[in-house]
There are 4 protein chains.
Amino acid sequence: MKKKNVLVLGGSSDIGIEVIKIFLSLNWNVYAHYLKNKKKLEDVKKKYKSLKVIKFNFSNYKNLKIEKNLKTKFNKRYDTVINLVGYTDNIGFEKTNLKSILKSLTANALTPILLQKILVKKMLSKKWGRILNCSSIGVKYGGGINSFNYSFSKHCLEFIPGIHKQWAKKNVLINNLRIGVTNTKIHKRMKRKNKIKDRIKLIPINRMAEPKEIASYIITLTTEKNSYVTGQTLSVSGGE
Amino acid sequence: MKKKNVLVLGGSSDIGIEVIKIFLSLNWNVYAHYLKNKKKLEDVKKKYKSLKVIKFNFSNYKNLKIEKNLKTKFNKRYDTVINLVGYTDNIGFEKTNLKSILKSLTANALTPILLQKILVKKMLSKKWGRILNCSSIGVKYGGGINSFNYSFSKHCLEFIPGIHKQWAKKNVLINNLRIGVTNTKIHKRMKRKNKIKDRIKLIPINRMAEPKEIASYIITLTTEKNSYVTGQTLSVSGGE
Amino acid sequence: MKKKNVLVLGGSSDIGIEVIKIFLSLNWNVYAHYLKNKKKLEDVKKKYKSLKVIKFNFSNYKNLKIEKNLKTKFNKRYDTVINLVGYTDNIGFEKTNLKSILKSLTANALTPILLQKILVKKMLSKKWGRILNCSSIGVKYGGGINSFNYSFSKHCLEFIPGIHKQWAKKNVLINNLRIGVTNTKIHKRMKRKNKIKDRIKLIPINRMAEPKEIASYIITLTTEKNSYVTGQTLSVSGGE
Amino acid sequence: MKKKNVLVLGGSSDIGIEVIKIFLSLNWNVYAHYLKNKKKLEDVKKKYKSLKVIKFNFSNYKNLKIEKNLKTKFNKRYDTVINLVGYTDNIGFEKTNLKSILKSLTANALTPILLQKILVKKMLSKKWGRILNCSSIGVKYGGGINSFNYSFSKHCLEFIPGIHKQWAKKNVLINNLRIGVTNTKIHKRMKRKNKIKDRIKLIPINRMAEPKEIASYIITLTTEKNSYVTGQTLSVSGGE
């Protein structure tokens, strides 16, 4: 049987790295997109030589030729696409403006959606595809005091186009994962500021998720393990 | 008692005209925004001299100074803001691209949101405000075959920022109205194409809404009649 | 034009009394159901002689002939039915048992549903009907520490049967209203216990609703004012 | 490490049998509840001698001592409880009555909930527990023409008590699974009536789920694989 291809957008994030490791151990061909933190991907590559990395800036809202670039950069037939891009700017509602909102939106929603538009065609022709867009539990609350741009763009990303019902007939499944507070670099930084303790109190399960833990749900929804769930949004958020 | 001010964005639409007429008959100061169809507003003005009109293009995603322009154009203290802007381009998922999606988004979601950001401050200081964003029942279905851009942008608009809970304390209430198929110019055009009959079959109530009918729900949610509903999305869609 | 008939279940509740007064002032024939607090209804009757009252116990889950009794007691053709029955027993999840859960369920959900099944037929034949089931914001949270039975039964009540789409064709509309914390007798009692202050802190709008205020939303959804909303659940809850 | 115990309610259903087989292969102690179709469980027992079976009638709404009986019959400490009880009576809204509705409700919602109330205590004391209530995609539509009682009772079952947030702190997680049309005995019967073809057309994925397929999602949510999802409802329904 031919090896399957997975594309992990935002692959150098803490969750992305865990997702990549599992797919590599499952013997998939892994393509990891990144913008920053290349080092983390290079560390994985030491063990798994086959890992391919792709650098691309998702937040460039002025690049109206972006689709051409996307087609060039992401030119394989991917069986699975996982979107973990998470551009954050810590801008709340009162400080937002057109420029910053366009940047967040383009990175977190528009570029991933346009890329999926391109990639879904090959999935449909091969009658197999899994797409997972990773959103944030913050969407449930309309974002926090410093995360309007982020949560707004993740809310936008959660829109599943009606045409997904046609895709289902050809075994192309698309879902959203609302990820709760996770023990990543970003939150480690919060830790230093002593804020994270207060945030954890709001999580019924009373602890952050581990990146590995989240990765495991991602795998379930984006491999052969998922054959009948599409068009859904699942919250992995410790009871929030 | 001082007269209240209402700003109707997309005021020259069929529903907008009905909303404006009711507010005028209720003796509010009415500010009607429009881009096209000025004639319709002028017709109303014949009867109600006090109607003010404001022309502004909401879809200009390249104007990064838009907030400055918004502040200049919409420089009153409005008690109520109703967003009926509905930029449509008939572009489905398979035909979408960055340019068209940015245009729809900016018109239907970003500019209204940025304007509301500006206007809410005066509402808060006066401890009274009503904001209503009008979305579409199409959002429920992920948009139709030719309305991805439209439905996506209306989905984005439905995001209610978490800070609205702070606004509530100061009697500033914000809600969404998901409007069903309405007997407007747009649908009249569909009628000619004989498509509208099929669409109506999908509406349990078996008829389109009349613009006046929708206007009545809008009034209920944006005047003193609404004193306790905020952060909600109501579908006025004949059972869809 | 012939006067319309409204049936208010739980009519002697604080909200019920306000609803009744408005319908009487609108010149409807009002039928008020009650189990306790007859005195309040009698007070209204002093001013409005035409008010009819009907006593019926909704919580009798052992009465398998209940439909026969319902048909006898509620034998008019009602244009509008509003269900405000709210049987409370202060039983939380850990203390619940089959007996108490059956009692709550029968009062708050099963009897109203069975009665509506009977009454909807006449509405359909006359091609006009409005049904409103009043639920509680507590449903959103899965009930509080002492209100599992209550919130569970209100959750059950919120089920709108699929057949409502057929009803819509004949202008029979059904909706739910999720009511927030209201300044009623029950909460006045809490006040004495100093608990209500803490509860109010959880309401973004920072105060309880007044019964009159809630009544006004009920009127909007159950008279000619509502002609296009059906199958919906609206929260009137101050931003909760 | 000590073997874990799983209780499968409705264990002799087609999906139940698949769930049981997987848990047995994972080396759990399996307790299978049934009312009918004992033969199917006996067939499994031929291979896996360790399987325990428990007969109990869940639909007896007159047995107000049911909790005593439940405590006697289900007297182990179960780590996982999966509720697949599905009492069906083919009664639509227009034919329902108090007796039949009480029977459906008691079987599909009340008895499972009361049993979970009993069993959760031991889970909490051991700081590990997984509860999954299996509902039906029909709930989304308010039930079909002949399934009001069934869908209503499954809707009731979907109520997750607010106290589940306390349970999360002690690693006791509870979720709902909305199961789509599955290739079980019930639907095989429909097949003979040629109805099933029409039903399948409504499923975007264009086929029924297989019992094994559903079982796999159940395992994911009720074993160690699930460590961070609680209070959620997931639809496994082929895009419906």
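For the structure, see preceding data.
In this report, the structure presented in the accompanying data block is examined. All residue numbers here refer to positions counted from 1 along the written sequence of the relevant chain. Think of it this way: whatever chain is written first is A, whatever ligand is written first is 1, and the rest follow in order. Per-residue local features of the predicted model are confined to residues with pLDDT of at least 70, and side-chain atom pairs are confined, for both listing and counting, to 80 or more; whole-chain, interface and lining totals are unaffected and use all residues. Side-chain measures were taken over the full set of non-hydrogen atoms in the model, leaving aside hydrogen atoms and water.

What about the overall build of chain A?
Okay, step 1: Secondary structure follows DSSP: runs of H or I at least 4 residues long count as helices, runs of E at least 2 residues long count as strands, and numbering of each begins at the N terminus. In terms of helices and strands, chain A carries nine helices and seven strands.
Okay, step 2: In chain A, buried positions account for 63% of the 240 residues.
Okay, step 3: Partitioning the intrachain contacts of chain A with sequence separation of at least 6 by distance along the chain shows that 73% fall at a separation of at least 24.
Okay, step 4: As presented, chain A carries roughly 9,900 Å² of accessible surface, and 52% of it is formed by carbon and sulfur atoms.
Okay, step 5: In summary, the charge assignment counts Lys and Arg as positive and Asp and Glu as negative, without counting His or the chain termini. Here the site of a charge means atom NZ of a Lys, CZ of an Arg, CG of an Asp or CD of a Glu. Each charge class in chain A was averaged separately, 49 positive and 14 negative side chains, and the resulting centres sit 7 Å apart. Each residue's exposure class comes from its accessible area (1.4 Å probe, protein chains only) as a fraction of the maximum for that residue type: buried when under 20%, exposed when over 50%, partly exposed otherwise. Contact between two residues is taken to exist if any of their heavy atoms lie within 4.5 Å; hydrogens are not considered. Per-residue accessibility takes into account occlusion by the displayed protein chains alone, with areas from the Shrake-Rupley method and a 1.4 Å probe.

A closer look at the interface of chain B and chain A
Okay, step 1: The interface of chain B with chain A comprises 37 residues on the first partner and 37 residues on the second.
Okay, step 2: We define buried area as the total accessible area lost by two parts upon association, computed with a 1.4 Å probe and summed across both. Interface area, chain B with chain A, both sides summed: about 3,300 Å², of which 82% is carbon and sulfur.
Okay, step 3: Put simply, a salt bridge is a Lys or Arg side-chain nitrogen that is within 4 Å of an Asp or Glu carboxyl oxygen. One can count zero salt bridges joining chain B with chain A.
Okay, step 4: We call two N or O atoms a polar contact when they sit within 3.5 Å, provided that within protein one can donate a hydrogen and the other can accept it, with sequence-adjacent residues counted only if both atoms are side-chain atoms. At the junction of chain B and chain A, the tally comes to five residue pairs in polar contact (both at pLDDT 80 or more).
Okay, step 5: Elements represented by at least two residues in the side of chain B that touches chain A include exactly α3 (66-73), α4 (98-126) and α5 (148-157) of chain B.
Okay, step 6: Of the residues forming the side of chain B that touches chain A, the biggest block, nine residues, is contributed by α4(B).
Okay, step 7: Residue composition of the side of chain B that touches chain A, grouped by class: 21 nonpolar, nine polar and seven charged. Note that Gly is not counted as nonpolar here; it falls among the polar residues with everything else outside the nonpolar set of Ala, Val, Leu, Ile, Met, Phe, Trp, Tyr, Cys and Pro and the charged set of Asp, Glu, Lys and Arg.

With respect to the relation of the copies chain B and chain A
Okay, step 1: Laying chain B over chain A is done by rotating through 180 degrees and shifting 0.0 Å along the axis; what remains is an RMSD of 0.0 Å. Here the symmetry operator amounts to a two-fold rotation axis. Of the C-alpha atoms belonging to chain B, the one lying closest to the rotation axis is found on B:Cys156, 2.5 Å away.
Okay, step 2: Interface overlap between copies: 100% of the residues of chain B at the interface are likewise at the interface in chain A, consistent with a symmetric, same-surface contact. The copies are overlaid by a least-squares fit using only the C-alpha atoms of residues whose pLDDT is at least 70 in both copies.

Examining the sheet that holds strand β5 (residues 129-136) of chain A
Residues and elements named next belong to chain A.
Okay, step 1: Strand pairing is defined by DSSP finding a minimum of two bridges between the two strands. Reading across from one edge, β3-β2-β1-β4-β5-β6-β7 is the order of the seven strands in this open sheet, with parallel pairing throughout. Strands with a single pairing partner mark the edges of an open sheet, and in this sheet they are β3 (52-55) and β7 (233-236). On average, each strand axis in the sheet is tilted by 20 degrees relative to the strand beside it, whichever way the strands run.
Okay, step 2: Sheet analysis places β5 next to strand β6 (residues 172-179), joined by eight bridges and oriented parallel. Considered in β6, the bridge of Ile131 is made with Ile174.
Okay, step 3: Against the sheet, helix α9 (residues 211-222) contacts β4 (80-83), β5, β6 and β7, and its axis sits at roughly 145 degrees relative to β5. Simply put, an axis is a line fit to the C-alpha atoms, just over the touching stretch for a helix, and the angle between two N-to-C directions goes from 0 to 180 degrees.

Re the interface of chain B and chain C
Okay, step 1: Facing the 31 residues of chain B at the interface are 31 residues of chain C.
Okay, step 2: Note on chain B versus chain C: buried area summed over both sides is about 2,600 Å², and carbon and sulfur give 57% of it.
Okay, step 3: Counting the contacts that link chain B with chain C gives zero salt bridges.
Okay, step 4: The tally of links from chain B across to chain C stands at 18 residue pairs in polar contact (both at pLDDT 80 or more).
Okay, step 5: Going through the elements one at a time, α6 (164-169), α9 (211-222) and β7 (233-236) of chain B are the ones with two or more residues in the side of chain B that touches chain C.
Okay, step 6: By residue class, the composition of the side of chain B that touches chain C is 13 nonpolar, twelve polar and six charged.

Here's the deal with the environment of A:Tyr150
All names here are of chain A.
Okay, step 1: Turning to its location among the elements, Tyr150 is positioned in helix α5 (residues 148-157).
Okay, step 2: The spatial distance from the C-alpha of Tyr150 to the C-alpha of Gly92 is 8.6 Å, given a sequence separation of 58 residues.
Okay, step 3: Setting aside residues no more than four positions away along its own chain, Tyr150 makes contact with Gly86, Tyr87, Thr88, Asn108 and Ser136.

Section: the sheet that holds strand β1 (residues 5-9) of chain D
Consider a sheet: its strands pair through backbone hydrogen bonds, and that pairing is either parallel or antiparallel.
Residues and elements named next belong to chain D.
Okay, step 1: The sheet built from seven strands is open, its strands ordered β3-β2-β1-β4-β5-β6-β7 with parallel pairing. The open sheet has two edge strands with one neighbour each: β3 (52-55) and β7 (233-236). Neighbour-to-neighbour, the strand axes of this sheet turn through a mean angle of 20 degrees, independent of strand direction.
Okay, step 2: With four bridges joining them, β1 and strand β2 (residues 29-34) adopt parallel strand pairing.

Side note on the pattern of salt bridges
Okay, step 1: By the definition in use, this model includes 50 salt bridges over all chains.
Okay, step 2: The residue A:Glu240 makes a salt bridge to A:Arg199 at a minimum N-O spacing of 2.9 Å. A residue pair is termed long-range when its members are at least 10 positions apart, and A:Glu240 in the segment after β7 and A:Arg199 in helix α8 (residues 196-201) qualify at 41 residues.
Okay, step 3: A relative accessible area of 5% means that A:Glu240 is categorised as buried.
Okay, step 4: When the shortest N-O distance is used, the salt bridge between B:Lys38 and B:Glu42 registers 3.9 Å. With B:Lys38 and B:Glu42 both in helix α2 (residues 38-47) and four residues apart, this pair spans about one turn of that helix.
Okay, step 5: A relative accessible area of 40% means that B:Glu42 is categorised as partly exposed.
Okay, step 6: Look at the salt bridges and you will find they share partners, linking A:Lys39, A:Asp43 and A:Lys46 into a network.

Overview of the packing of aromatic side chains
Okay, step 1: Ring geometry is summarised as follows: Phe, Tyr and Trp rings, the Trp one being its six-membered ring, pair when their centres sit within 6.5 Å, and such pairs are stacked at plane angles under 30 degrees, edge-to-face over 60 and tilted between the two. In the structure shown here, the tally under the stated rule is 44 aromatic pairs over all chains.
Okay, step 2: Considering the side-chain rings of C:Phe58 and C:Phe74, the 6.4 Å spacing of their centres and the 85 degrees angle between planes classify their relative orientation as edge-to-face. One end of the pair, C:Phe58, is in the loop between β3 (52-55) and α3 (66-73); the other, C:Phe74, is in the loop between α3 and β4 (80-83), with 16 residues separating them in the sequence. Summarising the burial analysis for this pair, C:Phe58 and C:Phe74 share the class buried.
Okay, step 3: Three or more aromatic residues joined by ring pairs make a cluster, and in this case those are A:Phe93, A:Phe148, A:Phe152, B:Phe159 and B:Trp167.
Okay, step 4: The ring of A:Trp128 is capped by A:Lys4, whose NZ or CZ atom sits 4.3 Å from the centre of that ring. Only when the NZ of Lys or the CZ of Arg is both within 6 Å of the ring centre and within 35 degrees of the ring normal is a charge said to sit over the ring.

Comments concerning the environment of B:Phe148
Okay, step 1: Note that B:Phe148 resides in helix α5.
Okay, step 2: Remark: the alpha-carbon pair of B:Phe148 and B:Val8, spanning 140 residues in sequence, is separated by 25 Å.
Okay, step 3: Once you skip the residues sitting within four places of it in the chain, B:Phe148 turns out to touch A:Ile113, A:Phe159, A:Pro161, B:Ile91, B:Gly92, B:Phe93, B:Thr96 and B:Ile101.

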